[in-house]
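Topology and contacts: notes
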Amino acid sequence: MFREIDPLAIRNMSYSSMAVDFADVNRDGAWDFFVTEMLSEQHEGQLRQYTPTDPWPRIAGRFDDQPQYNRNSMYINRGDNTFVETAFYSGLEASGWSWASRFLDVDLDGWRSAGDMCVIRMTCRTWTPG
């Protein structure tokens, strides 16, 4: 069942948001979710990727903005329906040209978790505009 959450429950978002999937990643009974983006795994590729709103200018004292970033986002539910973004901490921030993500029980331990996540991506070759 989906319910509207407070606009401040998520502090930042992915820029293009190619796909999303939900699972109880940390087994605390609350839904967590992963949003797929297209950030290159290689540093030189990241330097070539330009997002027109990155970084947003920060306004001192303003707390209701939600900056968008060109990277995957792993949102862990804190239990009060607010979410902490943990993609960098989890090592999931970049997966290249990604189109979809899916939590599934790959190791058959009965849980769908971040260790059991599949990201569908284009890996034929790197496309460079120009």
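About the criteria used
Residues numbered from 1 in each chain as written. Predicted model: local features only at pLDDT ≥ 70, side-chain atom pairs only at ≥ 80, totals over all residues. Heavy atoms only, no water. Salt bridge = Lys/Arg side-chain N within 4 Å of Asp/Glu carboxyl O. Helix = DSSP H or I, 4+ residues; strand = E, 2+ residues; numbered from the N terminus. Buried < 20%, exposed > 50% of the residue type's maximum accessible area, 1.4 Å probe, protein only. pLDDT = per-residue confidence, 0-100. Contact = heavy atoms within 4.5 Å.

What follows is about the pattern of salt bridges. Under the counting rule described, the total for this entry stands at three salt bridges. Salt-bridge contacts for D21 lead to R102; the nearest nitrogen and oxygen are separated by 3.5 Å. Of this pair, D21 sits in strand β2 (residues 19-23) while R102 is found in strand β7 (residues 98-103), placing the two residues 81 residues apart along the sequence. The exposure class of D21 is buried, given its relative accessible area of 8%.

Turning to the confidence of the model for the protein, a few remarks are in order. Averaged over the protein, the pLDDT score is 77; the fraction of residues at 70 or greater is 75%. Per-residue pLDDT stays below 50 along residues 125-130; that stretch engages in three contacts with residues further than four places along the chain or on separate chains.

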